[in-house]
Amino acid sequence: MPATHFPDTLTIMPRGPFSASVTIPGSKSLTNRALIVAALAHGTSTLNGCLIAEDSEVMVRALNNLGITVQVDGSTFTVHGAGGTIPAATADLDVRLSGTSIRFLAALLSLGQGIYQLDGTSRMRERPIGDLLTALNQLG
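Residues numbered from 1 in each chain as written. Predicted model: local features only at pLDDT ≥ 70, side-chain atom pairs only at ≥ 80, totals over all residues. Heavy atoms only, no water.

**Describing the nonpolar core**
One finds L35, L63, L66 and L105 to be the most contacted residues of the largest nonpolar core, which totals 28 residues. Listing elements by their share of this core, those giving two or more residues are α1 (28-40), α2 (54-65), β3 (76-82), β4 (90-94) and α3 (99-109). Setting aside its immediate chain neighbours within four residues, L66 contacts I86, P87, A88, A91, L93, L105, L108, L109 and Y116. (Core = buried A, V, L, I, M, F, W, Y, C linked by side-chain atoms within 4.5 Å. Buried < 20%, exposed > 50% of the residue type's maximum accessible area, 1.4 Å probe, protein only. Helix = DSSP H or I, 4+ residues; strand = E, 2+ residues; numbered from the N terminus. Contact = heavy atoms within 4.5 Å.)

Below you can see the structure in the form of structure tokens.
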């Protein structure tokens, strides 16, 4: 079979108008960031196109345990923000293996007036967050 040679450039001419709608897959990191921002806000926030993954499930569970109501309907999350407060006085939060969750929650919990425990898998306990904790301690 002879070798096929392709031109160096190829021009495709459209035959008419082109219209499309593209949905970009959600990101666990962006979903968790949006959840934290919505939790800090006053009132209700609706987040569309959220990624359903272990990290976002961990964050939703943690926020609910902290008294910040998050409702999940497919990839739409409804967050009833607490206006910069943490309603729960105590909470034990299991972040499993979610690095974004432990970092974002550690910062969020610094606003609280209670006793909160963050824990995860044995592998999570090996991951470095010392610099974040040092910075949060310096802020009081």
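**What about the side chain of D55?**
Residue position: D55 is located in helix α2. In contact with D55, other than residues within four places in its own chain, are K28, N32, S98, T100 and S101.

**Looking at the layout of surface pockets**
Taken as a whole, the largest pocket spans an internal volume of roughly 330 Å³. Around the largest pocket, the lining comprises 13 residues; the ones closest to its centre are A106, L109, S110, L133 and L136. Of all elements in the fold, only α3, β5 (115-119) and α5 (130-138) reach the threshold of two or more residues within the lining of the largest pocket. The class makeup of the residues in the lining of the largest pocket is 9 nonpolar, 4 polar and no charged. (1 Å grid on protein atoms, 1.4 Å probe; cavity = no way out; pocket = protein on both sides within 12 Å on 5 of 7 lines; lining within 4 Å. Points joined across faces, edges and corners; volume = space filled by probe spheres on them. Nonpolar A, V, L, I, M, F, W, Y, C, P; charged D, E, K, R; others polar.)

**Considerations on the environment of H42**
Examined against the element boundaries, H42 turns out to sit in strand β1 (residues 42-47). Measuring from C-alpha to C-alpha, the distance between H42 and V79 comes to 9.9 Å, with 37 residues separating the pair along the chain.

**What to know about the environment of F77**
With respect to the helices, strands and loops of the structure, F77 is situated in strand β3. On the basis of relative accessible area, F77 is assigned to the buried category, the value being 1%.

**Brief notes about the packing of α2 against α3**
The axes of two packed helices give the description: the angle between them and the distance between them. Where α2 contacts α3, the axes come no closer than 9 Å and their chain directions differ by 25 degrees. By the angle between their directions, the pair α2 and α3 is classed as roughly parallel. In the crossing of α2 with α3, the sense of the turn from one axis to the other is right-handed. In contact with D55, V58, M59, A62 and L63 of α2, α3 contributes T100, S101, F104, L105 and L108. Looking at the contact of α2 with α3 residue by residue, the class counts come to 7 nonpolar, 2 polar and 1 charged. (Axes fitted to C-alpha atoms, helices over the stretch in contact; angles between N-to-C directions. Parallel < 35°, antiparallel > 145°, perpendicular 65-115°, else oblique. Left-handed = near helix turned anticlockwise from the far one by under 90°.)

**Remarks on the pattern of salt bridges**
Across all of its chains, the model carries 4 salt bridges by this definition. We note a salt bridge from R96 to E54, for which the minimum N-O separation is 3.2 Å. Separated by 42 residues along the polypeptide, R96 in the loop between β4 and α3 and E54 in helix α2 bring together distant segments of the chain. (Salt bridge = Lys/Arg side-chain N within 4 Å of Asp/Glu carboxyl O.)

**Regarding the packing of α1 against α3**
Remark: α1 packs on α3, axes separated minimally by 10 Å, with the N-to-C direction vectors making an angle of 20 degrees. As judged from the angle between their axes, α1 and α3 are roughly parallel. Here the hand of the crossing between α1 and α3 comes out right-handed. Between α1 and α3, the residues in contact are S29, N32, R33, I36 and L40 and T100, S101, F104, L105 and L108, respectively.

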